[in-house]
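Structural description and commentary
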Amino acid sequence: MIKFFRKIRQRLLSENKFSKYLLYAIGEIILVVIGILIALQINNWNERQKDLAKEQLILKQLQKEYTSNLKQLDEKILMRNEGLVACNTLLDKIDHPQSINAIEFYKALWQIARDPTFDPIENDIIGTEKLRLIQNQELVELLSNWSSEVFQVQELELQYQKYRTETIFPCITRLGIMRNVNDILWKDGYTPTEALDKTYNYKFSIEPTKKDVDLKEVLNDVELEGIVSMVITFNQMTNMQSQTLRDRINNMLQIIENEIDK
């Protein structure tokens, strides 16, 4: 092809047809430019297809991670809701000590002493070139805000951890019922809500304390009553934030589902 065009140029020059040669040269330049532009378009299209393929992989990775995060978050919300039910049970026993049931009381105490903490899967997308590959800007914004929103939930969880360690456990220990609480927990088998294998039932024999425990006196403890009310506040506040986080996850999963293989 190049030899063909060269022969045409040489023939035009030899025939002193300069004007035709000039027009031909311009035409040849235009053809070359068009060829370059077409090649660039093809190259850009190929790169675009590669980016789209990479985006699909990222979206599927995010879908898997945030589905797992949602499952874990729901478990933590459930644990706090169980704690709220336990608090209502304890307050009812405090208000009506004559109806006390030791097993029910000890189980409720354990439920308010649990420590539900959300520890989501951390992806490697934010702050990297991968984020650029995601075309949906609403999803990009949700991903960018994710860490700070998780932190708000975890901050409340850390406050509860501190309260649990410094106040709840010392109170139960002071009342002389910690052994009984753990005995009731394990004697008939226990499967934690957050257990990795929920089919396994854990059993262990501790035996209750041999000391006399007057539960009516325990129920009359002013610190215990205050602790129960504070646990309600902690669980309610953390679940409010967790529900907002749950809505964020569901929104992300919906967007991701719409973007996958679009």
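Keep in mind that what you see is a predicted model, and the values were worked out from it rather than measured. Starting afresh in each chain, residues are numbered from 1 along the sequence in its written order. With the structure being a predicted model, the display of local features is reserved for residues of pLDDT at least 70 and the display and counting of side-chain atom pairs for 80 or more, all residues being used for whole-chain, interface and lining totals. The basis for every side-chain value is the complete set of non-hydrogen atoms in the structure, without hydrogens or water.

So, the overall build of the protein chain
How we decide: Secondary structure is summarised from DSSP: a helix means a run of H or I of at least four residues, a strand means a run of E of at least two, and numbering begins at the N terminus for each. In this analysis, two residues are considered to be in contact whenever any of their non-hydrogen atoms come within 4.5 Å of each other. Accessible surface area values rest on a Shrake-Rupley calculation with a 1.4 Å probe, where residue burial reflects the displayed protein chains alone.
Along the backbone of the protein chain there are eight helices and zero strands. Walking the protein chain from its N terminus toward its C terminus, one meets helices and strands in the order α-α-α-α-α-α-α-α. Taking the contacts inside the protein chain whose residues are at least 6 apart along the sequence as the reference set, 80% of them involve residues at least 24 apart. With an accessible surface of roughly 16,200 Å², the protein chain has 56% of that area assigned to carbon and sulfur atoms.

Side note on the packing of aromatic side chains
Let me state the cut-off plainly: Think of it this way: a Phe, Tyr or Trp ring, Trp meaning its six-membered ring, pairs with another when their centres are within 6.5 Å, and the plane angle makes it stacked under 30 degrees, edge-to-face over 60, tilted otherwise. The buried label goes to any residue with under 20% of its type's maximum accessible area, the exposed label to any with over 50%, and the partly exposed label to all in between, with areas taken from a 1.4 Å probe on protein chains only.
Inspection of the entire model under this criterion finds five aromatic pairs. For the ring pair Phe105 and Tyr106, a centre distance of 5.6 Å and an interplane angle of 55 degrees mean the geometry is tilted. On the basis of relative accessibility, which here comes to 1%, the residue Phe105 falls in the buried class. Classification of Tyr106 as buried rests on a relative accessible area of 6%. Their ring planes at 65 degrees and their centres at 5.4 Å tell us that Tyr160 and Phe234 sit as a pair that is edge-to-face. With Tyr160 in helix 5 (residues 137-174) and Phe234 in helix 8 (residues 222-259), this residue pair connects regions lying 74 residues apart in the sequence. The buried category is assigned to Tyr160, whose relative accessible area is 5%. One aromatic cluster is present, built from ring pairs that chain together Tyr160, Tyr163 and Phe234.

As for helix 8
Structural remark: α-helix, 3.6 residues per turn; residues separated by three or four positions point the same way. To keep it simple, the criterion reads: The length a helix should cover is 1.5 Å for every residue beyond the first. Pairs of N or O atoms are called polar contacts if they sit within 3.5 Å, as long as, within protein, a hydrogen donor faces a hydrogen acceptor (for residues adjacent in sequence, only side-chain-to-side-chain pairs).
Here helix 8 spans 56 Å end to end across 38 residues, near enough to the 56 Å set by a 1.5 Å rise per residue. Capping the start of helix 8 is the job of one residue whose side-chain oxygen sits 3.1 Å from the backbone nitrogen of Glu223: Asp221. Positive backbone phi, at 55 degrees, marks Asp261, one or two positions downstream of helix 8.

Examining the nonpolar core
Keep this limit in mind: The term nonpolar core refers to a set of buried residues drawn from Ala, Val, Leu, Ile, Met, Phe, Trp, Tyr and Cys, joined through side-chain atoms within 4.5 Å.
If you look at the biggest cluster of nonpolar residues, it comprises 30 residues, and the most contacted ones within it are Phe105, Leu109, Ile112, Ile168, Ile177 and Leu224. Listed by contribution, the elements that provide at least two residues to this core are helix 2 (18-95), helix 3 (102-113), helix 5, helix 6 (178-187), helix 7 (215-219) and helix 8. With seven residues, helix 3 is the largest single contributor of residues to this core. Ignoring anything within four residues of it in the chain, the contact list for Ile112 reads Gly83, Ala86, Cys87, Leu90, Tyr160, Ile168, Ile227, Val228 and Val231. Within the second largest apolar cluster, 26 residues are counted, among which are Ile58, Ile77, Val140 and Val153.

As for the side chain of Arg114
The residue Arg114 is located in the loop between helix 3 and helix 4 (130-133) in this model. The class for Arg114 is buried, based on a relative accessible area of 6%. Separated by 2.7 Å, the side chains of Arg114 and Glu82 make a polar contact. Discounting chain neighbours no more than four positions away, the residues touching Arg114 are Met79, Glu82, Tyr160, Arg164, Tyr190 and Thr193.

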